[in-house]
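So the chains spell out like this:
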There are 2 protein chains.
Amino acid sequence: MCQLLGMNCNVPTDICFSFTGFQARGGATDVHSDGWGIAFFEGRGTRLFLDPQPSSTSPIAELVSRYPIRSKNVIAHIRKATQGAIGLENTHPFIRELWGRYWIFAHNGNLLEFAPGLDGSFRPVGLTDSERAFCWLLQELRGHFGDEQPSDEALFEALHVLTLAISRYGEFNFLLSNGNCLFAHASTRLSYIERRAPFRQAHLKDQDVTVDFSDVTTPDDRVAVIATQPLTDNEQWEEMPPGSLWYFAEGEAVLSRATLPGPVRNKS
Amino acid sequence: MCQLLGMNCNVPTDICFSFTGFQARGGATDVHSDGWGIAFFEGRGTRLFLDPQPSSTSPIAELVSRYPIRSKNVIAHIRKATQGAIGLENTHPFIRELWGRYWIFAHNGNLLEFAPGLDGSFRPVGLTDSERAFCWLLQELRGHFGDEQPSDEALFEALHVLTLAISRYGEFNFLLSNGNCLFAHASTRLSYIERRAPFRQAHLKDQDVTVDFSDVTTPDDRVAVIATQPLTDNEQWEEMPPGSLWYFAEGEAVLSRATLPGPVRNKS
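Keep in mind that what you see is a predicted model, and the values were worked out from it rather than measured.

Colleague: Explain the overall build of chain A to me, using residue names and the numbers behind them.
Modeller: Along its length, chain A carries four helices and 15 strands. In summary, chain A has a C-alpha radius of gyration of 17 Å against a globular reference of 18 Å for 268 residues, a match within 12%. Dimensions along the principal axes, computed over C-alpha positions, put chain A at roughly 50 × 40 × 35 Å. Counting the 268 residues in chain A, one finds 51% classified as buried. Taking as baseline every contact in chain A between residues at least 6 positions apart, the subset at least 24 positions apart corresponds to 68%.

Colleague: Describe in detail the nonpolar core, supporting the description with residues and values.
Modeller: By size, the foremost hydrophobic cluster in this structure holds 138 residues, and its most contacted members are Leu175(A), Phe183(A), Ala184(A), Leu175(B), Phe183(B) and Ala184(B). Once residues within four sequence positions are removed from consideration, Leu175(A) is found in contact with Leu4(A), Gly6(A), Ile75(A), Ala106(A), Leu182(A), Ala184(A) and Ile226(A).

Colleague: Give a detailed account of the packing of helix H1 (residues 16–24) of chain B against helix H2 (residues 59–66) of chain B, specifying residues and quantitative values.
Modeller: Residues and elements named next belong to chain B. It is at 8 Å that the axes of H1 and H2 come closest, and there the two elements cross at 150°. Here H1 is positioned roughly antiparallel relative to H2, judged by the angle of their axes. For the pair H1 and H2, contact is made by Cys16, Phe19, Thr20 and Gln23 and by Ala61, Val64, Ser65 and Arg66, respectively. Here the residues of the contact of H1 with H2 sort into four nonpolar, three polar and one charged.

Colleague: Kindly report on the interface of chain A and chain B, identifying the contributing residues and their values.
Modeller: Residue-level contacts link 30 residues of chain A with 30 residues of chain B. Of all the elements in the fold, those that place two or more residues in the side of chain A that touches chain B are strand S3 (45–51), helix H2 (59–66), strand S5 (94–98) and strand S6 (101–111) of chain A. Among the elements that line the side of chain A that touches chain B, the one with the most residues is S3(A), at four residues. Here the side of chain A that touches chain B is built from residues that sort into 13 nonpolar, eight polar and nine charged.

Colleague: Give a detailed account of unusual backbone geometry, specifying residues and quantitative values.
Modeller: Here the amide bond leading from His92(A) into Pro93(A) is cis, since omega sits at -10°, within 30 degrees of zero. Examined against the element boundaries, Pro93(A) turns out to sit in the loop between strand S4 (71–78) and S5. Positive phi is not limited to glycine here, since Glu113(A) has a value of about 55°. Tracing the chain through its elements places Glu113(A) in the loop between S6 and helix H3 (129–145). In this structure Glu113(A) comes out as exposed when scored by C-beta crowding, with 7 C-beta atoms within 10 Å. Even without being glycine, Trp99(B) reaches a positive phi, approximately 55°. When you line up the elements, Trp99(B) lands in the loop between strand S5 (94–98) and strand S6 (101–111).

Colleague: Which residues make up the sheet that holds S6(B), and what are the values?
Modeller: Residues and elements named next belong to chain B. Taken together, the six strands give an open sheet; going across it, the order is S5-S6-S7-S8-S14-S15, and neighbouring strands pair in antiparallel fashion. Of all strands in the sheet, those bounded by a partner on one side alone are S5 and strand S15 (252–258). Between one strand axis and the next, the sheet turns through 25° on average, direction left out of account. By the bridge criterion, eight bridges tie S6 to strand S7 (residues 170–177) in an arrangement that is antiparallel. Bridge assignment links asparagine 110 to a residue of S7, and that residue is glutamate 171.

Colleague: Outline the sheet that holds strand S8 (residues 182–186) of chain A, supporting the account with residue identities and numerical values.
Modeller: Residues and elements named next belong to chain A. With respect to topology, six strands assemble into an open sheet ordered S5-S6-S7-S8-S14-S15, the strand pairing being antiparallel. Of all strands in the sheet, those bounded by a partner on one side alone are S5 and strand S15 (252–258). Strand after strand, the sheet turns through a mean of 25° between neighbouring axes, direction not considered. Note that S5 and S6 share five bridges and pair antiparallel. In the sheet register, isoleucine 95 faces S6, and the bridge partner there is isoleucine 104. Contacts from H3 reach S5 and S6, with the element oriented near 130° to S6. Across the sheet, helix H4 (residues 152–167) lies against S6, strand S7 (170–177), S8, strand S14 (244–249) and S15, angled at about 155° from S14, the strand it touches most.

Colleague: So what about the relation of the copies chain A and chain B? Which residues, and what values?
Modeller: Turning chain A through 180° and shifting it by 0.0 Å along the axis lays it on chain B, with an RMSD of 0.0 Å. The symmetry that links the two subunits is that of a two-fold axis. The fraction of interface residues of chain A whose copies in chain B are also interface residues reaches 100%, indicating that both copies meet through the same surface.

What counts and what doesn't
Residues numbered from 1 in each chain as written. Chains lettered and ligands numbered in written order. Predicted model: local features only at pLDDT ≥ 70, side-chain atom pairs only at ≥ 80, totals over all residues. Helix = DSSP H or I, 4+ residues; strand = E, 2+ residues; numbered from the N terminus. Rg over C-alpha atoms; globule rule 2.2 N^0.38 Å. Buried ≥ 20, exposed ≤ 12 C-beta atoms within 10 Å, placed from the backbone. Contact = placed C-beta atoms within 7 Å. Core = buried A, V, L, I, M, F, W, Y, C linked by C-beta atoms within 7 Å. Axes fitted to C-alpha atoms, helices over the stretch in contact; angles between N-to-C directions. Parallel < 35°, antiparallel > 145°, perpendicular 65-115°, else oblique. Nonpolar A, V, L, I, M, F, W, Y, C, P; charged D, E, K, R; others polar. Pairing = 2+ DSSP bridges. Least-squares fit on C-alpha atoms with pLDDT ≥ 70 in both.

Spelled out as structure tokens, the structure:
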């Protein structure tokens, strides 16, 4: 299995603090040492850093943890390989272009015998179930909406239907972003926190590092951080119920929909 | 205008030496300070580092110049903006997926009023003439060959026809790779060197750095380096005639075709 980290903000924010804790789980405080990656949206552009080395010892991860790249949407992943060997082509997050925007995707879980029909518009380069699911998602979104990018709310509704379909094949925690907003699916395990004024101190679980967010924010800032496991030990993280798809925009959870049979849990 | 750097090898080789000289041209020894980027193929995977900052002062460029990433195909670019503002989305090289392989493209030049019909299969994210040309190239290659990736030789022939079509719109020096081989078009200015045994010392033009390749190679290694301007001052670089498209594989120039009217210059 793997671990996911996402950030969605209303102003470009650096992720150095959260990434420092997350990075340690890639071979130091945890076992996810089969590669790591992180993608930053900056306007319409994207920076994607990938390394098949453990994040705890990767010189590129070291740079990322110290170099403040300000972004409204970030997706990071540390890998414990299930399907697909250790190698750059199987390292998350994955990138594709659709509707003249970059899309970034990372997955934690395991999809068994998921072999969807792919028409060639998006084709996996590596051998993971994850990249296959990403390609199918984009193919189906494009098939559904045609050549024009719909609203993010319409995307969320379509993604809900597609996520239900894929979830039948197994564990499917994922983060997906087009640079505008961030979609998160808690299949088994995912938590989030929304930070807003009044900002306080936060202390990492995985390293003895504290930041006082009131020193580095303005009162209007809003930042949502999503992670497989809470990254800090002195803040209240919200556990996302297993089987829920979330839509984050401008630093807050805007919508969620159940993706498991049972009572529908909607937030609006 | 911009500057291009490419490398094609028969064994994975690091580009630290060449990149050190190239990097200096991004704001230190030359004026190309509107961003830079470099893409490394490792097997089917790709690492792409992009930064809208000048390469001469970019911490990411500093890391890349010191961190030996071994690759058989590399494309780098330093930018002096013509079309499209300074920004990550307009920073070369660009990446797309076709036939389950990543494709990387960087351009030096200026295409005037180049507004091809794009069917939506590959769409620019930024505003450069360069990304538009890349999207059109991939669209036309896919249209020509369908769903199955052809041989690199067949790709070269198709690319020749497409390059002729685009070249009518202006200066179109480019580097393109699918990870197997590297295509290079000299529209106005591009040089290359093939290094093979017996290896010798090389000294950079832009910084006082010397490397003795005989210390870091085996007798079977072959490395082709392609650059807008020669990077070393004690080696014999070959100027690629204006209006010539080249196909590099396994560290050597295999084929070239004229892309200007006039006597056909073929190498085979």
